[in-house]
Structures are given as structure tokens and as C-alpha cells.
Amino acid sequence: MSAASSAPATATAFVPTSYPEATRLAIDTVRTLAMDAVQAAESGHPGTPMALAPLAYRLYTTHMRHDPAAPAWADRDRFVLSAGHASLLVYGTLHLAGYPLTLDDIRNFRQWKSATPGHPEVHHTAGVETTTGPLGQGLANAVGFAVAEAHLAAQFNRDGHAIVDHYTYFIAGDGCLMEGISHEASSFAGHQKLGKLIGFFDDNHITIDGGTNLSCSDDVAKRFEAYGWQTLHIADVNDLDAIDAAIAAAKAETSKPTMIVTRTQIGYGSPHRQGTSKAHGEPLGNDEILLTKQSYGWQWTEPFYVPDEARAHWQELVAERAATHAEWNTRWKAYQQAEPALAAELERRYHGQLPAGLDAAFPSFDAKSGNVASRAASGVVLNAIAPVMPELVGGSADLAGSNLTTVKGAPFFMPESRAGRNFAFGIREHAMGAIMNGMALHGGTVPYGGTFLVFSDYMRPAIRLAALMGAHVIYVFTHDSIGLGEDGPTHQPVEHLAALRCIPNLLVLRPADADEVTEAWRIAATHKTGPVALVLTRQKLSYFDCASRAAAGVKRGAYIQADTTGDVDVVLLASGSEVEIALAARATLAVDGISARVVSCPSLELFAMQDAEYRASVLPAGIPRVAIEAASPASWYRWIGDNGIVIGIETFGASAPYGTLYQELGITADAVTAAAKRLLADGTP
Ligand SMILES: Cc1ncc(C[n+]2csc(CCOP(=O)(O)OP(=O)(O)O)c2C)c(N)n1
């Protein structure tokens, strides 16, 4: 993608590389497995694994500290294939390196329940660190891995005991670098001087649609220099000495991340496809595979053939890499002896165990302290639990003063204060989301990040991946409705709640008062199997003074906030700031002799997980329901029944004081009262 380069229109000439025989076979086996697997699956991306095989080979046999027998060993080097479509590069490498990935797994590439999905998926294939495929995310995850390493090293290493000490490597393609997230994440990494982050740019001048000269003329090296990275070049990825020299230079530069611009030929060795976009994402075809194997001097026609010499060579070299694990184990024992408390704490954090005393640290509110915006209550809760939960680290995308995400008195994570737990992510929501994912997957930290709810759109791809990966991350989304007032429709979320609630495995919590905020944070801090979005108001909320009810109810997603003593005539459902509107409507209805139950619904996902009996106890069958939320009504239709009414917003908001907006857009107790009466009068909405 460099300014000087132009993409070749036709296949480039293939020049075989001369290696010692075992090395040649070891590298070519990665290539042949990739082409055979794509051919068998009749789909996939052969060209990029074929090109990058020497780099993966050199990383896994010569440079990385890793142990196939312990893929999750804490101090391993991390490798992220940001160009996730080239997944066979990882699968072939892991198989040959001796990870628990069989040849049959590779034969089953892209098949139902196989260990080799189309794109690498964490927790699915041992040795895969993060799920990649949406281009650019992996690069930003890698930044998060490097952040977590630097932070934990500062917290836990002691003189003579560098117990957290590993590198993060990534490979990014043109696609990753064209995506905007790469700018945000790389800018952050450069500013943070993450010296143990080493990236390779797969500079092959090709994307799907053709040469990169169709769409891009960036000078990648200049771009990364401008971010404060060291930049290096490898003129030909097949030059193993050049790879070694670049990695040595990358490691020698400890105060900057390094980007190594690496020239490659997509579809390396394929007589008719090398250097063309045809090599990117389709099977080569049996004839072309044979020709390509011939060009390598490959003697076997049988697909998926792994020469003994290749396997033996991989295993011999990887055994030396695995020795780094044994060596670390020795150092870990010495650390345990010298620093038993720190060692136990690091172990706890790596295992994701909750700290002692967490439950008791959650604050309680009263009539004086509780009459606050839910974002303010959130700041109080965060500061109360921070001292007992040091792994809770995070900040905001430049809205810390609004999101109230700062742990008071604690330093910021900066090059000169790596132990700092407060993070200034800058105005980089998308990268913030993906960096948080990397930090969570690394282990040892539970990251949180704040912005306005409306800007969750800017980080949505990373939120989706957090949910897909089951990453324990927490979003602090404030200014959660038209209730933010004067900033106007650009800043007022309408469809965002419904859109977030659609993401599988994302818990969305919109607490209604300070006590519900406490309970929402309790869930967020302890819910380890996926992300949690806390959705909080800018404006003040009433305090309900029902802490025990909130404690029992919030975790069930919805619960009875106010009930009648006799029969229930109508059920009013609401979340967050609209619960107090529902309570006001209930009072008005009572004057007219109508008994309304108010159900506070902080999390529709949690409520959906409850058993039918509980759900029916909260929402009795046959009783009319009215739901109110200052947002798109889409989320509520499941809960109101065929004849229910949702009072929501199906337009954009406007710039005005929030009280006016609620009136003008009809998010009022009067609207709820009228709807309830309409339902009770004729049973139809
Ligand atoms: C965010 C995102 N947009 C689009 C795609 C679809 N896609 C997959 S690979 C690719 C081209 C990437 O080009 P490059 O990074 O140069 O990969 P190479 O051709 O070298 O394999 C595209 C557009 C994607 N995976 N992610």
C-alpha cells in the first residue's frame, strides 16, 4: 500500500527460495495444507497463508515463547492474526507446532462444529488468542494485550522477578490498515509507547477487488512513524534472516511499538494466481494446486500430506520454544517464595476469581445520597469497589467528567506510570472497545470504558465481538435518552437500547435509581461470561428507598417495584428514568380506583432468562400491560402481549430542556394513564 508501489495486473514471476530441505518442507507444508483445506471446503482464503508461511514458521519455531502443551500459559507471547480470513496460517502452524489440532481438524476446515472455523475463534481452537475476521479488530486487540502486559508487569514485577514479561505480535493486512480502527488503536499504542508490541504489515498490494492502487495510496511506514512507532522493512518475507533481524531490532526498541512492513506475494508459488486478487478468497482448483506444488518441488500428490521430515523439524524447534515455559515455571516458583502475597494475587487475577470483600464493598444509598443521576451513583459505586477490585481498570473516550469513570486519586496508565488504573482512551470509542477486548482476553484485568450511549454506535463492532468471545468487559454508557436535553438529537439515543439488546450474550442494564445502580454494578463486576452495558442517565432520578427489593430484583431482570394489595388491573413496565413516570401514573390511576402494578425492568435479557413461573408472577397472564421507555419501542413487544401498549419514541429528539422534550414527545405519566384507561375500557390498544 506504499505510495511508490503499484499493483501488478497479472501474476508475478515465481522465484523459488533456497532453504535447507527441512526448512523448505516445514514452510511449504503450511502452504500446501492451506490450499488443500480451502479446496476441500470449496471456500476460504488460500493466498495469504501461502504468502505468510515463512513468517509464521519463524515466529513459532524461533522467536515466540509458547508451549503447545500449555496453550494458555500466563506468560506466553501472544500472537494475533488480525487478517483473520487467513485463518489457515494459524491452523497449519498450530497443527505442525503440536497444539491439540489434528490433521482431521484441518481436513474439516469450515465444517459444522469443526475446530477450524472460517475465521479464528478464541475459546474454540487452543492457541487462538482472539476472534478475528472483522478487519482491524485484531490489531486493536493486540494493543489491548500489550496494554495488559505493561500494566500487570508494573504491578507485579519486582527486582530480579520479571514474572510478567512477554511480547505481543500481530499480522495486519491492507484491509486492517484501511479500516479506521487501525488509526485509533495505533495512535493510542504510539502515544503509550508500547515497546513490546510488534506488528507485521502484510504488504502484498492486493485486496479482494484488485490491486491496492484502486483504493489506497497511503505510505504505511510514514503513517506509523507519525504515530510514534518504529518502522522497519522486510523486502521479501521469504528471507528468514531478514525476519530475524527485524524482530531483533523490534525488541531492541523498548520505548516504541514496531511496525514491520513486510513485502509478500499473495498465492506464493501459484503459477497463475501469485500476486493477483484471484489468490485471495477462492480455491485454487485441483490443476493449479498441482502446478503450485510442483513449483515448490513438492513430491506428493495426496492432499493434506505432511512429510515426516517437516513434522520432525517443527517439533524439534518448538521443543526449544516450549522450554521457555519450563524456565518460567522455575522463575514463578522463585517468585512465589519471594513474594507470596503478590503471587497469590496475580494467580487470582489470571484465574478471574473475584476478590475477597467485594460484596461488602458495594455502597448503600439513602434519601440524601440517593437522589442523584444514575451516572453519579455509578461513579460512587465504582469508587467504592475500586479499592477491593484492583483488576477493574478503565476510563473513558474523553468523557470521563460526564461518564464519571475516574477512580479518584489513582494515577493514569501512562508510559511513566504503567501501574495506573485510570485510562484516557482519547476520542477513540471503536479502539477503546477493541482494546478492552484485548485486555480482558489477556487476563488479569476487567476493563471498563465510558462514552455517551449514542456513541455506542462507534464501538458496536467491538461490542459485538466482546459478546461473541464472552469477554468480561463493562461499558459505562451515560446520557442515555432525550433526558440529556439541550445537546439535541445528534446526542440523544433513540434506537440504541433496542440495537444493543439485539446482540446475543450482551447484558444491557438500565437501572432506575441509585440502589439499582449498585445492583447493576454488582452484576457487571461479577458476570464473567460476557460484556455488560450499564445505561445511565445524565439527569437526576428519584430515590425509591427499596434497597432490599432492588437487591433481589435487579438480578432477575425485572421485578415488582410497587404493587397493589388486591387484584391488579393493569401492569406498567418501565426501565431507568421512566420507572418514576410509571410510579406517578400508578398514583393517578389509583385516584380513579384503578390498581396498577409497576414493574421495574433493568434488564430484559436477564428477565428472559428467568423461569416461566417467575416471569408469570411478575407479569400475570391476562392483565393488560403498558410499557414506557424513552427509546425505540422495539424491545418491548415481546413483553406487553398482543393487546399491550408501548409508549416510546419513533422519531429523533430535539434540542431543548429535557422536561420539555419529555412533554413534547409524550413520555409522560398522562400518556401512561390514558393508555391504561384505554386498555381497560375496551381491551384494545
Ligand atoms: C470490517 C471488514 N470489512 C470487510 C471484510 C471482508 N474482507 C475480508 S478480506 C478483505 C480484503 C482484505 O484485503 P487484505 O487485508 O489486503 O487481505 P489479503 O488480500 O492480503 O488477504 C475483505 C474486504 C472483513 N472481513 N472485515
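Look up a bit, the structure's there.
Residues numbered from 1 in each chain as written. Predicted model: local features only at pLDDT ≥ 70, side-chain atom pairs only at ≥ 80, totals over all residues. Heavy atoms only, no water.

J.: Please provide a residue-by-residue account of the pattern of salt bridges, values included.
T.: Should their charged atoms come close, side chains of opposite charge can pair. What the rule picks out here adds up to 24 salt bridges. Here Glu 129 and Arg 78 are joined by a salt bridge, their closest N and O atoms 4.0 Å apart. Of the two residues, Glu 129 sits in the loop between helix H4 (103–107) and helix H5 (137–156) while Arg 78 sits in strand S1 (residues 78–81), which places them 51 residues apart along the sequence. Glu 129 sits in the buried class, given a relative accessible area of 9%. Taken together, the salt bridges that share partners define one network made up of Asp 480, Arg 501, Arg 510, Glu 578 and Glu 629. (Salt bridge = Lys/Arg side-chain N within 4 Å of Asp/Glu carboxyl O. Helix = DSSP H or I, 4+ residues; strand = E, 2+ residues; numbered from the N terminus. Buried < 20%, exposed > 50% of the residue type's maximum accessible area, 1.4 Å probe, protein only.)

J.: Could you give an account of the nonpolar core, naming the residues involved and the relevant values?
T.: Counting 62 residues, the largest nonpolar core has Val 143, Val 147, Phe 170, Leu 194, Leu 197, Tyr 475 and Leu 506 as the members making the most contacts within it. When neighbours within four sequence positions are excluded, Val 147 is seen to be in contact with Phe 188, Leu 194, Phe 413, Phe 423, Ile 435 and Met 439. Counting residues in each nonpolar core, the second largest holds 53 residues, with Ala 37, Ala 86, Tyr 91 and Ile 198 among its members. (Core = buried A, V, L, I, M, F, W, Y, C linked by side-chain atoms within 4.5 Å. Contact = heavy atoms within 4.5 Å.)

J.: Break down the site of the ligand for me, with residues and values.
T.: Around the ligand, the structure places 16 residues, and the nearest of them are Thr 48, His 85, Gly 175, Asn 204 and Ile 206. For the ligand, an oxygen atom lies 2.5 Å from a polar atom in the side chain of Thr 48. The separation between a nitrogen atom of the ligand and a polar main-chain atom of Gly 133 is 2.8 Å. Across the complex, the protein chains shield 74% of the 590 Å² of accessible surface that the ligand would expose by itself. Where the shell around the ligand is concerned, the elements lending two or more residues are helix H6 (174–178) and strand S4 (206–207). By residue class, the composition of the shell around the ligand is five nonpolar, eight polar and three charged. (Near = heavy atom within 4 Å. Polar contact = N/O pair within 3.5 Å; in protein donor to acceptor, adjacent residues only side chain to side chain. Areas by Shrake-Rupley, 256 points an atom, 1.4 Å probe, with all protein chains shown as cover. Nonpolar A, V, L, I, M, F, W, Y, C, P; charged D, E, K, R; others polar.)

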